[in-house]
Amino acid sequence: MQPLAERLRPKTLDEYIGQKHLVGQGAVLRKMIDSGRISSFILWGPPGVGKTTLAQIIANKLDTPFYTLSAVTSGVKDVREVIDRAKNNRFFSQASPILFIDEIHRFSKSQQDSLLGAVEQGIVTLIGATTENPSFEVIRPLLSRCQLYILKSLEKEDLMELLQRALTTDTFLKERNIEIKESTALLRFSGGDARKLLNILELVVESEANQHIVITDDMVTERLQQNPLAYDKNGEMHYDIISAFIKSIRGSDPDGAIYWLARMVEGGEDPAFIARRLVISASEDIGLANPNALLLANACFDTIMKIGWPEGRIPLAETTIYLATSPKSNSAYCAINDALELVRTTGNLPVPLHLRNAPTQLMKQLGYGKEYKYAHDYEGNFVKQQFLPDALKDKRIWHPQNNPSENKHAERMQQLWGDRFKKENKQ
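K.L.:
Looking at this model, I keep getting lost on the overall build of the chain. Mind explaining?
P.N.:
Within the chain one finds 20 helices and 7 strands. In terms of overall dimensions, the chain has C-alpha extents of about 85 × 60 × 45 Å along its principal axes. Expressed as a percentage of its 427 residues, the buried residues of the chain come to 43%. Contacts spanning at least 24 positions in sequence make up 72% of the contacts within the chain whose residues lie at least 6 apart.

Encoded structure:
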């Protein structure tokens, strides 16, 4: 018998749950699918949110050949064979055959290069699915020829709708008298993953011999403790463990961080994935408190690429411990987020005239660049002048935090700018 998640896989967009921003009435992807002609695109999102299902729905709806490759099991030879078949099956009146590649982030550069010509020439329309940031994993020429659509973890309302559909439409569950008295544990353990939610539901139902089943939080927790991997078909809880890893670094616990690193290494996690997360952590959580952290994290990433595995576990461990034991600051992270919010709320404020370039005589006559003060012409290579738009000239965005490195930066800013950078009571 098929697993519950497979039995409930939607066949049409009307049955599809979640991602209303993409496939709801009038949404961009819905309109493209309804038109019967699609361009190449990549679906990026966490596991269990409907990437593969969406590709299969498109295959059912469009009258065009549909080919599927898994990046885990396919090589360059397989890609070329599919492209040749697509060429041979193409008719002049027909739209390009669709090639769906699951886990496209696992394709090597050479595999992606072998796709490029076929996508450029319209021999195939590519649909890729990935759980990783395509900016890192997909070669730029291929990425530039594809639209990128981001899928989100399912919301509580989506998951509850899915549970109700399972109980009322599945052939086998309908025969059981199932009551969901409490749903908190079901939703918490699923983590917004539809497949994981249905796997948990199936596990709980199959563990009960009674025809009448009342599902409670305690029952779900107990069943998962007895069979902790049942709801995670890949064995390691990829996103939970990377979250614990990063939070251990952020919390300055080297023991916790190195333990979760070992879990990922033992579970066969991609070393490049771990190294990228270390680079992000060095910027986001350590930042200006210890700028060397970012240098070391980047060096770790480069080293992994050069020496490979299993030796790569050593620089990963070194960097993990260094980051965990470093002082922490997220002042740069907060500053860019605050600046982005400021830009969104204030719009395109004009650049002050003295900060504008004046490459033409007319611009000079209009005052472009007038009264700009060249810092290197002044003592200490500094002179006070306005660098923010007029409407924001007194606005503070970066707020230094209380650590030795940033205290030095803050002291220098106070010396240069006086009251504008006076000490705050922020930590």
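Once the structure has been displayed, the description carries forward.
K.L.:
What's the story with the layout of surface pockets in this structure? I'm lost.
P.N.:
One water molecule sets the probe size; rolling that probe over the atoms shows where empty space is left. Estimated volume of the second largest pocket: approximately 470 Å³. Looking at the second largest pocket, it is lined by 14 residues, and the ones nearest its centre are Trp44, Thr131, Asn133, Tyr239 and Arg277. Elements represented by at least two residues in the lining of the second largest pocket include exactly helix H13 (238–250) and helix H15 (271–286). Counting residues per element, the lining of the second largest pocket draws most heavily on H15, which supplies 4 residues. The residue inventory of the lining of the second largest pocket, partitioned by class, reads 8 nonpolar, 3 polar and 3 charged.

K.L.:
Teacher, can you tell me more about the packing of H15 against helix H16 (residues 292–307) here?
P.N.:
In helix packing, the relevant descriptors are the interaxial angle and the interaxial distance, both defined with respect to the helix axes. Where H15 meets H16, the closest approach of the two axes is 8 Å, and the angle between their N-to-C directions is 170°. As summarised for this structure, H15 and H16 are arranged roughly antiparallel, according to the angle between their axes. Of the residues in H16, those touching H15 at Pro271, Ala272, Ala275, Arg276, Leu278, Val279, Ala282, Ser283 and Ile286 are Ala293, Leu294, Ala297, Asn298, Cys300, Phe301, Ile304 and Met305. Among the residues forming the contact of H15 with H16, the class breakdown is 14 nonpolar, 2 polar and 1 charged.

K.L.:
I'm lost on the confidence of the model for the chain in this one. Help?
P.N.:
Low pLDDT means the predicted atomic positions in that stretch should not be read closely. Averaged over all residues, the pLDDT of the chain is 84; the fraction at 70 or higher stands at 94%. Helix H17 (residues 313–325) holds the highest mean pLDDT among the elements of the chain, 94, whereas helix H19 (residues 361–365) holds the lowest, 75. The model gives residues 229–236 a pLDDT under 50, and that stretch makes 16 contacts with residues more than four places away or in other chains.

K.L.:
In this structure, what is going on with the nonpolar core? I would like to understand it.
P.N.:
Side chains that are nonpolar tend, in soluble globular proteins, to be buried together. With 28 residues, the main nonpolar core has Leu173, Ile178, Leu186, Leu198, Leu201, Ile215 and Val220 as its most contacted residues. Among the secondary structure elements, those contributing two or more residues to this core are helix H1 (4–7), helix H9 (156–169), helix H10 (184–190), helix H11 (194–206), strand S7 (212–215) and helix H12 (217–226). Non-local contacts of Ile215, meaning those with residues more than four positions away in its chain, are made with Ile178, Glu179, Ile180, Lys181, Glu182, Leu186, Leu201, Val204 and Val220.

K.L.:
Where do I start with the pattern of salt bridges in this structure?
P.N.:
Two side chains of opposite charge can pair, provided their charged atoms sit close to one another. Inspection of every chain in the model, using the stated rule, returns 17 salt bridges. Linking Glu6 and Arg9 is a salt bridge whose minimum nitrogen-to-oxygen distance equals 3.1 Å. Within this structure, Asp14, Arg30, Asp34 and Lys61 form a network of salt bridges that share partners.

K.L.:
Explain the packing of H16 against H17 here, please?
P.N.:
Packing of H16 against H17 brings their axes to within 9 Å, and their N-to-C directions diverge by 170°. Classified by the angle between their axes, H16 and H17 sit roughly antiparallel to one another. Contacts between H16 and H17 involve Asn292, Ala293, Leu296, Ala297, Cys300, Thr303, Ile304 and Ile307 from the former and Pro315, Leu316, Glu318, Thr319, Tyr322 and Leu323 from the latter. Classifying every residue of the contact of H16 with H17 gives 10 nonpolar, 3 polar and 1 charged.

K.L.:
Just checking my understanding: could you explain the packing of aromatic side chains for this structure?
P.N.:
Each aromatic ring pair is specified by the distance between its two centres and by the angle formed by the two planes. A full pass over the atoms with the stated rule returns 3 aromatic pairs. Note on Tyr259 and Trp260: the rings are 4.8 Å apart at their centroids and 75° apart in plane angle, and the pair reads as edge-to-face. The exposure class assigned to Tyr259 is partly exposed, which follows from its relative accessible area of 42%. On the basis of relative accessible area, Trp260 is assigned to the partly exposed category, the value being 23%. Lying across the ring of Trp417, Arg420 places its NZ or CZ 4.6 Å from the centre.

K.L.:
Looking at this structure, I do not really get the environment of Ala391. What am I missing?
P.N.:
Mapped onto the elements of the fold, Ala391 is located in the loop between H19 and helix H20 (404–417). A relative accessible area of 63% means that Ala391 is categorised as exposed. Taking the C-alpha atoms as reference points, Ala391 and Arg223, 168 residues apart in sequence, are found 59 Å from one another.

K.L.:
Got a minute to help me understand the sheet that holds strand S1 (residues 41–44) in this structure?
P.N.:
Whether parallel or antiparallel, the strands of a sheet pair through hydrogen bonds between backbone atoms. With respect to topology, 5 strands assemble into an open sheet ordered S2-S3-S4-S1-S5, the strand pairing being parallel. Among the strands making up the open sheet, the edge pair consists of strand S2 (66–70) and strand S5 (147–150). Each neighbouring strand pair of the sheet contributes to a mean axis angle of 20°, computed without reference to strand direction.

K.L.:
Would you mind going over helix H5 (residues 76–89) with me for this structure?
P.N.:
Each α-helix turn comprises 3.6 residues. Residues three or four places apart therefore point the same way. Compared with the 20 Å implied by 1.5 Å per residue over 14 residues, the 20 Å span of H5 between its first and last C-alpha is a close match. Taken as a whole, H5 has its buried residues at Val79, Val82, Ile83 and Ala86. Buried residues of H5, seen end-on, are gathered within an arc of 100° and therefore sit on one face of the element. Of the residues in H5, the exposed ones pointing more than 90 degrees away from the buried face are Lys77, Arg80 and Asn88. Buried positions along H5 lie against S2, strand S3 (98–102) and helix H6 (109–120).

K.L.:
Sorry, what's going on with unusual backbone geometry here?
P.N.:
Backbone phi values are negative for most residues with the exception of glycine, while trans is the configuration of most peptide bonds. A cis amide bond, omega 15°, links Trp309 with the succeeding residue Pro310. Structurally, Pro310 is set in the loop between H16 and H17. The phi dihedral of Ser252 falls on the positive side, at around 60°, and the residue is not glycine. If you trace the backbone, Ser252 turns up in the loop between H13 and helix H14 (254–266). Even without glycine at this site, Glu371 takes up a positive phi of about 70°.

Thresholds applied
Residues numbered from 1 in each chain as written. Predicted model: local features only at pLDDT ≥ 70, side-chain atom pairs only at ≥ 80, totals over all residues. Heavy atoms only, no water. Helix = DSSP H or I, 4+ residues; strand = E, 2+ residues; numbered from the N terminus. Buried < 20%, exposed > 50% of the residue type's maximum accessible area, 1.4 Å probe, protein only. Contact = heavy atoms within 4.5 Å. 1 Å grid on protein atoms, 1.4 Å probe; cavity = no way out; pocket = protein on both sides within 12 Å on 5 of 7 lines; lining within 4 Å. Points joined across faces, edges and corners; volume = space filled by probe spheres on them. Nonpolar A, V, L, I, M, F, W, Y, C, P; charged D, E, K, R; others polar. Axes fitted to C-alpha atoms, helices over the stretch in contact; angles between N-to-C directions. Parallel < 35°, antiparallel > 145°, perpendicular 65-115°, else oblique. pLDDT = per-residue confidence, 0-100. Core = buried A, V, L, I, M, F, W, Y, C linked by side-chain atoms within 4.5 Å. Salt bridge = Lys/Arg side-chain N within 4 Å of Asp/Glu carboxyl O. Phe/Tyr/Trp six-rings, centres within 6.5 Å; stacked < 30°, edge-to-face > 60°. Lys NZ or Arg CZ within 6 Å of the ring centre and 35° of its normal. Pairing = 2+ DSSP bridges. Expected span 1.5 Å × (residues − 1). Arc of directions from axis to C-beta.

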